[in-house]
Amino acid sequence: MVVVGAGMAGVQTAVALREQGFTGTVTLIGAEPHQPYDRPPLSKAVLLGKAEGSAFDVDFEALGIEVQLGREVVGLRPADHELDTAEGPVPYDVLVLATGAEPIRLPGADGIPGVHLLRTLDDAERLRPVLARQHDIVVVGAGWIGAEFATAAREAGCAVTVVEAADRPLAGALPAEVAAPMAAWYAAAGATLRTHARVKHIEPGEVVLDDGSRLPAGAVVVGIGARPATAWLTGSGIELGAHREVLADDGLRTSVPDVYAVGDCASFPSGRYGERLLVHHWDNALQGPRTVAANIVGETPAVYDPVPYFWSEQFGRFVQYAGHHASADTTLWRGDPATPAWSVCWLRGDRLVALLAVGRPRDLAQGRRLIESATPVDPALLADASLPMKAAIA
Ligand SMILES: Cc1cc2nc3c(=O)[nH]c(=O)nc-3n(C[C@H](O)[C@H](O)[C@H](O)COP(=O)(O)OP(=O)(O)OC[C@H]3O[C@@H](n4cnc5c(N)ncnc54)[C@H](O)[C@@H]3O)c2cc1C
């Protein structure tokens, strides 16, 4: 067994294989030099120096998992059942692709001093002293990473301007009416949010916008999304999708025999939602590996059909989302978005398909179960925020 990528999905796959009784050799290969670590703390405690690192608490030696760090896999030759690395080929019987995602770069910004990304431990360690120096910071992109970084930078006492090309934060993830109240969180935290603002170019110490305005920037953090880290699979025969993600089936198998894919690098067909999902969140990198291991070790084929889940900590709020919504789904509010705690539900007919909870973790827990079980709900009861969500079961 060879697993490529030693992030959450790769580590969990190796661990799940052992948990499910796999007794053969397991080799985990990762390009980064560090002990495998968890990413969510990078934009939170690690950035603010409240935690030194976020290494996984896994005893690889005791589990009989061989970890090869600082080794990048550059090619796959399925006909030979071999991977290529600079140090030579690596044979496999069964292979798991878990190479995650890499941040999208701002064209022309590479190599300009003071321009940062936030994906790796090295990125976070480079940003820590930037926050400590309390520079003027420009964040490009008001997505999840941009909001979390802005939160940390404000906490560290930096002046923060977030520039966003769309008309609102989280434009790719949430409809306008839901994201609109979140725009106010920036101002309340003392950060400036500039929407409809496109970066024209970056000069050392300054960000120049399309409208000609110039923003002083001791540092720039680019958070404009991530794409699957699959360039190394080009020409291998592994089928890739529109976002260059590995197209896995409902058992997380790829188009090539004996090769699976899991985590941020792969999409899968969701039976529950009737469409293919590419999920870039932690819980997917935790749950998917169990299905992969079950299909490698077990007799009965396992199907991956999760209710996707993620959380974000921004501007003092705990934001959680479960499920998946489409624009045709009905939106239903629980509570007032001007208050610190509220939720939004998405319904398809009388079934709950997704839920966003701000400061209401019980809504999230109960809503997630309602989504999982596809239980019919009464919309009038669901909209009553004084009642628990489970009281809405029709
Ligand atoms: C700063 C930050 C904060 C986040 N916060 C949250 C959060 O609050 N909530 C949430 O739900 N999600 C959060 N996420 C998302 C979550 O961390 C990811 O979904 C998760 O890390 C995906 O795990 P993965 O193993 O699929 O990919 P990754 O974590 O990207 O790991 C892939 C690994 O593979 C290695 N690799 C890539 N190519 C090769 C190669 N060719 N050869 C060898 N190794 C290779 C990479 O170096 C990397 O170490 C956050 C992400 C970031 C970056």
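Residues numbered from 1 in each chain as written. Predicted model: local features only at pLDDT ≥ 70, side-chain atom pairs only at ≥ 80, totals over all residues. Heavy atoms only, no water.

## Observations regarding the sheet that holds strand 14 (residues 206–209)
The cut-off we apply is this: When DSSP finds at least two bridges between two strands, those strands are taken to pair. Each helix is a run of DSSP H or I of at least 4 residues and each strand a run of E of at least 2, with the numbering of both proceeding from the N terminus. Axis angles are defined between N-to-C directions and span 0 to 180 degrees, where every axis is a line fitted to C-alpha atoms and, for a helix, only to the segment in contact.
Strand order in this open sheet of three strands is 13-14-15, and the pairing throughout is antiparallel. Sheet topology places strand 13 (199–203) and strand 15 (214–216) at the edges, where each strand pairs with a single neighbour. Between one strand and the next, the sheet's axes are offset by a mean angle of 20°, whatever the strand orientation. Here three bridges tie strand 14 to strand 15, and the two strands are oriented antiparallel to one another. Within strand 15, the residue paired with V208 across the bridge is R214.

## Remarks on helix 1 (residues 8–19)
We count it as follows: Between the first and last residue of a helix there are one fewer steps than residues, each counted as 1.5 Å, and that sum is the expected span. We call a residue buried when its accessible area falls under 20% of the maximum for its residue type, exposed when it is over 50%, and partly exposed in between, using a 1.4 Å probe and counting protein chains only.
Taking 1.5 Å per residue as the helical rise, helix 1 with its twelve residues ought to reach 16 Å, and the 16 Å between its terminal C-alpha atoms agrees with that figure. Burial of helix 1 is extensive: eleven of the twelve residues sit out of reach of the surface. Among all positions in helix 1, only M8, A9, G10, V11, Q12, T13, A14, V15, A16, L17 and R18 are buried. Remark: G21 follows helix 1 within two positions and exhibits a positive phi of approximately 95°.

## Focus on the packing of aromatic side chains
Selection criterion: Ring pairs are drawn from Phe, Tyr and Trp, using the six-membered ring of Trp, whenever the two centres fall within 6.5 Å, and their geometry is named by plane angle: stacked under 30 degrees, edge-to-face over 60, tilted for the rest.
This model, assessed by the stated rule, comprises nine aromatic pairs. An angle of 55° between the planes, with centres 4.6 Å apart, marks the rings of Y186 and F315 as tilted. Placement of Y186 in helix 5 (residues 176–188) and of F315 in the loop between strand 22 (309–314) and strand 23 (317–323) is noted, with a sequence separation of 129 residues between them. Each of the two residues, Y186 as well as F315, counts as buried. On the basis of an interplanar angle of 55° and a centroid distance of 5.9 Å, the ring pair of Y321 and W346 is categorised as tilted. Of the two residues, Y321 is situated in strand 23 and W346 in strand 25 (residues 342–348); the sequence distance between them amounts to 25 residues.

## Observations concerning the domain arrangement of the protein
Size of an interface: often given as the accessible area lost when the parts come together. What counts, and what does not: Start and end positions for the domains come from either an automated domain assignment or a database one. A simple way to read buried area is as the amount of 1.4 Å-probe accessible surface that goes missing from two parts once joined, with both sides added. Definition used for salt bridges: Asp or Glu carboxyl oxygen within 4 Å of a side-chain nitrogen of Lys or Arg. Within 3.5 Å is the distance limit for a polar contact, defined as a pair of N or O atoms, with the added protein rule that one can donate a hydrogen and the other accept it, and that residues adjacent in sequence qualify only through two side-chain atoms.
Under the domain assignment used here, the protein contains domain 1 (2–102 + 226–297), domain 2 (105–222) and domain 3 (316–392). For domain 1 versus domain 3, the separation of C-alpha centres amounts to 32 Å. When the buried surface of domain 1 facing domain 3 is broken down by residue, R272, Y273 and E275 rank first, second and third, together holding 81% of it. Taken together, domain 1 and domain 3 are joined by one salt bridge. In this structure, R368 engages D283 in a salt bridge whose closest nitrogen and oxygen atoms are separated by 3.2 Å. Counting across the interface, domain 1 meets domain 3 through five residue pairs in polar contact (both at pLDDT 80 or more).

## A few points about the sheet that holds strand 26 (residues 351–358)
Note the cut-off: Whether two residues touch is decided by their heavy atoms; if any such pair falls within 4.5 Å, the residues are in contact.
Reading across the sheet, the five strands line up as 22-23-26-25-24 and stay open at both edges, with antiparallel pairing between neighbours. Among the strands making up the open sheet, the edge pair consists of strand 22 and strand 24 (330–334). When strand polarity is set aside, the average angle formed by the axes of neighbouring strands in this sheet is 20°. By the bridge criterion, six bridges tie strand 22 to strand 23 in an arrangement that is antiparallel. By the bridge assignment, E313 is partnered in strand 23 with F318. Together, strand 22, strand 23, strand 24, strand 25 and strand 26 form the strand contacts of helix 7 (residues 361–373), whose direction differs from that of strand 26 by roughly 165°.

## Notes on the pairing of strand 5 (residues 82–85)
What you see with strand 5 is a clean split: L83 and T85 sit on the buried side and E82 and D84 on the side with no burial. Of the strand pairs in this sheet, strand 4 (residues 73–77) and strand 5 are connected by four bridges, and their pairing is antiparallel. Across the sheet, the residue bridging to V73 is T85, located in strand 5. The turn linking strand 4 back onto strand 5 is made up of four residues, and H81 within it adopts a positive phi angle of 50°.

## Some remarks on the site of the ligand
Counted only if it meets this: By convention in this text, a residue qualifies as near a molecule or strand provided that one of its non-hydrogen atoms is within 4 Å of it. Computed with a 1.4 Å probe, the accessible areas rest on the Shrake-Rupley method; for each residue, only the protein chains presented here act as cover. Just so you know the grouping, Ala, Val, Leu, Ile, Met, Phe, Trp, Tyr, Cys and Pro go in nonpolar, Asp, Glu, Lys and Arg go in charged, and all remaining residues, Gly too, go in polar.
Not every one of the 34 residues close to the ligand is listed here, only the nearest: A9, E32, R39, K44 and R119. M8 places a polar main-chain atom, nitrogen or oxygen, 3.1 Å from an oxygen atom of the ligand. Here an oxygen atom of the ligand sits 3.3 Å away from a polar atom, N or O, in the main chain of H281. Coverage of the ligand by the protein amounts to 92% of the 1,000 Å² it exposes when considered alone. Considered class by class, the residues forming the shell around the ligand number 17 nonpolar, nine polar and eight charged.

## A word on the nonpolar core
Quick reminder of the rule: To qualify as a nonpolar core, a set must consist of buried Ala, Val, Leu, Ile, Met, Phe, Trp, Tyr and Cys residues joined through side-chain atoms within 4.5 Å.
Core analysis: the biggest nonpolar cluster contains 92 residues, and L131, I137, F149, L174, W346, L356 and L382 have the highest contact counts within it. Counting residues in hydrophobic clusters, the runner-up holds 19 residues, among them V4, L76, L95 and A266.

## Looking at the pattern of salt bridges
The tally for this structure, following the rule as stated, stands at 21 salt bridges. Across the pair R77 and D84 runs a salt bridge, and its minimum N-O distance is 2.8 Å. Look at R77 and you get partly exposed, because its relative accessible area is 28%. On the basis of relative accessibility, which here comes to 22%, the residue D84 falls in the partly exposed class. One salt bridge connects R360 with D363, and the closest N-O pair in it is separated by 2.7 Å.

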